[in-house]
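Residues per chain are reported as follows:
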Amino acid sequence: MGEVRRRANIVVTDGTGAGKSTLPNVLAAAIPAPEWAITVEDAAELRLPGEHVVRLEARPANADGLGAVTVRSAVRNTLRMRPDRATATIASRMAYTMPRWCRSSRMVA
């Protein structure tokens, strides 16, 4: 929990069913109440505690081919929002975006 309080960047990686979503949920409990956080996910799995949490989720296009939201575009928008904390679950194809995000925001996981 000390790493969260110090605003350290934490990256969690592992295989399916290993607790990659559970760990950020537990770590998020150490985020002070006035700070706000953003989560970015393909499928909503994170349930960060607190009132000041914004959840962004990828979605496919509708029947007309409109309205798609990619994880990459959500991460880009998160950079513009300048949250106190940010966390994301990403696929390997997004790994190149992570170093930039870690430098620009305060990741929880």
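None of the values given here were measured: they were computed from a predicted structure. The numbering scheme is per chain: residues are counted from 1 as the chain's sequence reads. Predicted model: local features are reported for residues with pLDDT of at least 70 only, side-chain atom pairs are reported and counted for 80 or more only, and whole-chain, interface and lining totals are derived from all residues. Hydrogens are left out, water is left out, and the side-chain values use all remaining heavy atoms of the structure.

This part is about the pattern of salt bridges. Between side chains of opposite charge, a pair can form when the charged atoms approach closely. Any carboxyl oxygen of Asp or Glu within 4 Å of a side-chain nitrogen of Lys or Arg constitutes a salt bridge here. Counted under the stated rule, the structure contains two salt bridges. Glu 35 serves as the salt-bridge partner of Arg 7, at 2.5 Å between the closest nitrogen and oxygen. Of the two residues, Arg 7 sits in the loop between helix 1 (2-5) and helix 2 (22-27) while Glu 35 sits in the loop between helix 2 and strand 1 (37-41), which places them 28 residues apart along the sequence. Burial classes follow relative accessibility: with a 1.4 Å probe on protein chains only, a residue under 20% of its type's maximum area counts as buried, one over 50% as exposed, and anything between as partly exposed. Taking relative accessible area as the criterion, Arg 7 reaches 31% and is therefore assigned partly exposed. Helix numbers and strand numbers start at the N terminus; a helix is a DSSP run of H or I with at least 4 residues, a strand a run of E with at least 2.

One can find Ser 21 in the loop between helix 1 and helix 2. It is 6.5 Å that separates the C-alpha atoms of Ser 21 and Glu 45, two residues lying 24 residues apart in sequence. Here a polar contact means two N or O atoms within 3.5 Å. Within protein one must be a hydrogen donor candidate and the other an acceptor candidate, and residues neighboring in sequence count only if both atoms are side-chain atoms. A polar contact is formed between the side chain of Ser 21 and the side chain of Glu 45, at a distance of 2.9 Å.

As a further point, take the confidence of the model for the chain. The predicted model of the chain has a mean per-residue pLDDT of 80, with 82% of residues at 70 or higher. By mean pLDDT, the top-scoring element of the chain is strand 2 (residues 53-57) (90), and the lowest-scoring one is helix 4 (residues 98-104) (64). Within a predicted model, pLDDT stands for the predictor's per-residue confidence, ranging from 0 to 100.

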